[in-house]
Amino acid sequence: AAISLAIGCAGPSKLTDKSEEKLAGGNAWGAWQLAARALDKEPGNPRARAAATAAGASIAQDWQRRIRALAEVDSMNAAEQVLELSEFRENAARYATIPVGAEWPEEERTLRGTAARLHYQRGLDAANSDRPKKACAEFAHAKRFVPGYRDVAKRADRALGEALTRVALLPFRATSEDASLGAEVAQAWRDNLLQDFAPPAAPFTRILGEDAIERVM
């Protein structure tokens, strides 16, 4: 605990020293965290940025190695790891530009494209067998791997339209002297349900608003 407290109170120079030691000892993630903390304290510190770049490069290289090995036996899980590596690099950009090998962009595109194609086909199969909710999920996965893949956005919208359940709350006839009571109660219920069933909590349920109900009554 005392060691952790000491590191927490350390300045950028000390944190960078510790980062370089961690990386030399094979702990790239520990090195990355320390270099990032150094940059949080002093964003313009060139030595801390170099330490972050070195640690990030080591992490990325190992990640690419594991993805390549995984792709030999499970291309879908390999594609998921591609997304995670991409997210790491995007989040790391505030600290350092994480380099990857010259061949990596093409490998990444291939794995992403393979995953998108498989999910897209599964979406088509689900749509053709009257399973719109399954189709929505598969098309969403296709878009995760390759945004704008083929006509996936149009097909996802069509599947969502078929999967939706629309709920209308109609005002009931009030027996009291207050003729507006039924409408007020229906509106209160509708407002509560709009909050409870809003996406993503209930992606395939839509509570119709008062205007929509009036148009069909």
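Residues numbered from 1 in each chain as written. Predicted model: local features only at pLDDT ≥ 70, side-chain atom pairs only at ≥ 80, totals over all residues. Heavy atoms only, no water.

**Describing the nonpolar core**
And step 1. One finds Trp32, Ile67, Leu85, Phe88 and Ile98 to be the most contacted residues of the largest nonpolar core, which totals 28 residues.
And step 2. If we ignore the near neighbours within four places in the chain, the residues touching leucine 85 are Ala60, Trp63, Gln64, Ile67 and Trp104.
And step 3. Within the second largest apolar cluster, 17 residues are counted, among which are Met76, Ala79, Ala135 and Cys136. (Core = buried A, V, L, I, M, F, W, Y, C linked by side-chain atoms within 4.5 Å. Buried < 20%, exposed > 50% of the residue type's maximum accessible area, 1.4 Å probe, protein only. Contact = heavy atoms within 4.5 Å.)

**Let's talk about the pattern of salt bridges**
And step 1. Tallying each qualifying case throughout the model produces 13 salt bridges.
And step 2. When the shortest N-O distance is used, the salt bridge between aspartate 17 and arginine 47 registers 2.2 Å. With aspartate 17 in helix α2 (residues 12-24) and arginine 47 in helix α4 (residues 46-71), the pair connects residues that are 30 residues apart, well separated along the chain.
And step 3. Between aspartate 151 and arginine 155 there is a salt bridge; the shortest N-O distance is 3.0 Å.
And step 4. Given the relative accessible area of 24%, aspartate 151 is considered partly exposed.
And step 5. Judged by relative accessible area, arginine 155 falls into the partly exposed class, the value being 26%. (Salt bridge = Lys/Arg side-chain N within 4 Å of Asp/Glu carboxyl O. Helix = DSSP H or I, 4+ residues; strand = E, 2+ residues; numbered from the N terminus.)

**A closer look at helix α8 (residues 152-163)**
And step 1. With 12 residues, α8 ought to run about 16 Å at 1.5 Å a step, and its terminal C-alpha atoms sit 16 Å apart, in line with that.
And step 2. Buried within α8 are the following residues: Val152, Ala156, Ala159 and Ala163. Axial view of α8: buried residues confined to an arc of 65°, hence all on one face. Turned more than 90 degrees off the buried face of α8, the exposed positions are Asp157 and Glu162. (Expected span 1.5 Å × (residues − 1). Arc of directions from axis to C-beta.)

**A closer look at the packing of aromatic side chains**
And step 1. Tallying each qualifying case throughout the model produces 7 aromatic pairs.
And step 2. Ring centres of tryptophan 32 and tyrosine 95 lie 5.9 Å apart, and the angle between their planes is 85°; on these two criteria the pair is classed as edge-to-face. Within this pair, whereas tryptophan 32 is found in helix α3 (residues 28-41), its partner tyrosine 95 is found in the loop between α5 (75-92) and α6 (104-128), the two being separated by 63 residues in sequence.
And step 3. Residue classification places tyrosine 95 among the buried positions, given a relative accessible area of 11%. (Phe/Tyr/Trp six-rings, centres within 6.5 Å; stacked < 30°, edge-to-face > 60°.)

The quantities given are spatial measurements derived from coordinates; they are silent on function.
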